[in-house]
Amino acid sequence: MFLKDRAKVFLNLKDIKNSERYFSTHCTMKQILDFQLFFTAVLSLLASGLAAGPDHYRAAVAETVLFSDISRPPKEVVKRNLDIYEAAVKASAKNDVDIIVFPECGIFPCEKVNRSVLRTFVEDIPNPKGESINPCKQSDKFRNHPILTKLSCLAKENNLYIVANTFDFKKCKPVETCDADGFDTCTSEESNCPSDGNFFYNTNVVFNRKGSLVSRYYKKHLYFERSLNEPDFPQDATFHTDFGNFTTVICFDLIFKESVEDVKKPGIINLAYPTYWYDHVPFVFCYSLSASMGND
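Each chain carries its own residue numbering, running from 1 in the direction its sequence is written. It should be noted that, the model being predicted, local features are given only for residues of pLDDT at least 70 and side-chain atom pairs only at 80 or more, the latter also being counted only at that level, while totals for whole chains, interfaces and linings use all residues. Side-chain numbers here rest on the full set of heavy atoms in the structure, without hydrogens or water.

> Any chance you could explain the side chain of D253 here in plain terms?
Comment: elements are numbered from the N terminus, with helices defined as DSSP H or I runs of at least four residues and strands as E runs of at least two. Counting through the fold element by element, D253 comes out in the loop between β8 (244-248) and β9 (268-272). In this structure D253 is buried but unpaired, with K219 as the nearest side chain of opposite charge at 6.4 Å. There is a polar contact of 2.9 Å between the side chain of D253 and the backbone nitrogen of H221. Residue contacts for D253: discarding those within four places in its chain leaves Y217, K219, K220, H221 and S259. Using a 1.4 Å probe on the protein chains alone, a residue whose accessible area is under 20% of its type maximum counts as buried, one over 50% counts as exposed, and one in between counts as partly exposed. The convention is simple: Lys and Arg are positive, Asp and Glu are negative, and His and the chain ends are not counted. Take a side-chain nitrogen of Lys or Arg and a carboxyl oxygen of Asp or Glu: if they are within 4 Å of each other, that pair is a salt bridge. Here a polar contact is recorded for every N or O atom pair within 3.5 Å, except that within protein the pair must consist of a potential hydrogen donor and a potential acceptor, and residues adjacent in sequence are included only if both atoms are side-chain atoms. Residue contacts are counted whenever heavy atoms from the two residues lie within 4.5 Å of one another.

Here you go:
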């Protein structure tokens, strides 16, 4: 993210010390591990700016420690990680944060995980550009979407924007041939359908202060993510807030010019950037890439 005014805000540690969940007379190992995750998430928050306005806003970036034990039930894995998100969001709200950005692959494990395992985590994410979507309010429609529902409710209950990374899936029909008899089903979208009948997309989702989904963006350039699919269609990654206009990309996208063309659109001066990055010599350095992007 690129902000006009920057100022660090240090979170009130009394919120942690007074938490009965993480401090008790008889701490179990699970409670200790939970606290380590919570502590890492909260202390990694960086807030910038002052109260939201035409020239400034307050943003937070959360770096969390992923609970990634896929031997546990998928619902437990997701809940453990979303509990950390909830702690970070609530801490941000107490510091008048306007928008919080979570990392890539922060809700469930996505590195070196096969498609059959991913299928147990992913949710079908609708396009917010085509309809009004608020999972927190539309509980019946999204009863099988625990990730979207939790993020939506966190945004609504804490009156801030949330940018999070998850995976979307879209069903498709595998087509082996495109002969005359099967011409009607051999569309450009379905002709490259994976054999399991699903497209899996690395996805950013953005929720506004009311809990409505306002943006869905698929990662264009995958980084050795062999279980995922690249979108081959245009996307609108922009979203509008009461404190400015944004676009969003994911991790490896930042290297490719066409992925960040939205920053050239009139009024788009902010980039929300979930990432799962590491430095790789000689060319891929996180800070140098971000600096060059910000000074372009």
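> Is there a simple way to think about the side chain of T203 in this case?
The topology assignment puts T203 in strand β5 (residues 198-207). At 3.3 Å, the side chain of T203 and the backbone nitrogen of D168 are in polar contact. In this view, T203 contacts I125, A164, N165, T166, F167, D168, R216, Y217, Y218 and I250; residues no more than four positions away in its chain are not counted.

> Could you clarify how one ought to interpret helix α3 (residues 74-94) in this entry?
At 3.6 residues per turn, the α-helix brings residues three or four places apart onto the same side. Expected helix span is given by 1.5 Å per residue-to-residue step, counting one fewer step than there are residues. For α3, with 21 residues, the first-to-last C-alpha span of 31 Å sits near the 30 Å given by 1.5 Å per residue. Trailing α3 by a residue or two, D96 shows a phi angle of about 60°, which is positive.

> How should I be thinking about the state of the cysteines in this particular structure?
A disulfide bridge is the covalent bond that connects two cysteines by way of their sulfur atoms. When the sulfur atoms of two cysteines come within 2.5 Å, that pair is taken as a disulfide. The final tally for this structure, using the stated rule, is three disulfides. Disulfide pairing is shown between C105 and C110; the S-S distance is 1.8 Å. Looking along the S-S bond of the C105-C110 disulfide, the torsion reads about 115°, which is the right-handed sense. The exposure class assigned to C105 is buried, which follows from its relative accessible area of 10%. For C110, a relative accessible area of 18% gives the class buried. Each sulfur of the disulfide joining C136 and C153 lies 2.2 Å from the other. Across the S-S bond of C136 and C153 the torsion is about 105°, and the bridge reads as right-handed. Of the two residues, C136 is situated in the loop between α4 (115-118) and α5 (146-158) and C153 in helix α5; the sequence distance between them amounts to 17 residues. The class of C153 is buried, set by a relative accessible area of 14%.

> Help me understand the environment of Q138 in this model?
Checked against the element boundaries, Q138 lands in the loop between α4 and α5. Linking Q138 and T149, residues eleven residues apart in sequence, is a C-alpha distance of 8.7 Å. Apart from residues lying up to four places away in sequence, Q138 is in contact with S132 and I133.

> What am I meant to see in the pairing of strand β6 (residues 213-218) here?
Taken across its six residues, β6 has five buried, putting it largely inside the fold. Remark: five residues form the turn of the hairpin made by β5 and β6, two consecutive strands paired antiparallel; G211 in that turn has positive phi of roughly 90°. When DSSP finds at least two bridges between two strands, those strands are taken to pair.

> Explain the confidence of the model for the protein here, please?
Regions with low pLDDT carry predicted coordinates that are not meant to be interpreted in detail. For the protein, the mean per-residue pLDDT works out to 77, and 69% of the residues sit at or above 70. By mean pLDDT, helix α1 (residues 14-17) is the weakest element of the protein at 39, and α5 is the strongest at 98. Confidence scores per residue from the predictor, reported as pLDDT, run from 0 to 100. In this model residues 1-27 is a low-confidence stretch, pLDDT under 50, and it forms 56 contacts with partners more than four residues away in sequence or in other chains. Here residues 287-296 scores under 50 on pLDDT; set against residues more than four positions off or in separate chains, the count is eleven contacts.

> When you look at the packing of aromatic side chains in this model, what are you seeing that I'm missing?
Any pair of aromatic rings gets described here by the distance separating the centres and the angle formed by the planes. Pairs were defined over the aromatic rings of Phe, Tyr and Trp, the Trp ring being its six-membered one, requiring ring centres within 6.5 Å. Orientation was assigned from the angle between planes: stacked under 30 degrees, edge-to-face over 60, tilted for the rest. In total, this model carries twelve aromatic pairs according to the counting rule given. For the ring pair Y57 and F243, a centre distance of 4.9 Å and an interplane angle of 35° mean the geometry is tilted. One end of the pair, Y57, is in the loop between β1 (46-48) and β2 (59-61); the other, F243, is in the loop between β7 (239-241) and β8, and 186 residues separate them in sequence. Plain terms: the ring middles of F199 and Y201 are 5.9 Å apart, the flat faces sit at 15° to each other, and that makes the pair stacked. Exposure class is identical for F199 and Y201. Each is buried. An aromatic cluster is present here, built from Y57, Y161, F239, F243 and F246 joined pairwise through their rings. Charges are assigned to positions over rings by a cutoff of 6 Å between ring centre and Lys NZ or Arg CZ, combined with an angular limit of 35 degrees from the ring normal. Across the ring face of F67, the terminal group of R80 is positioned such that the distance to the ring centre comes to 4.1 Å. Across from the ring centre of F169, 3.9 Å away, lies the NZ or CZ of R119, which sits over that ring.

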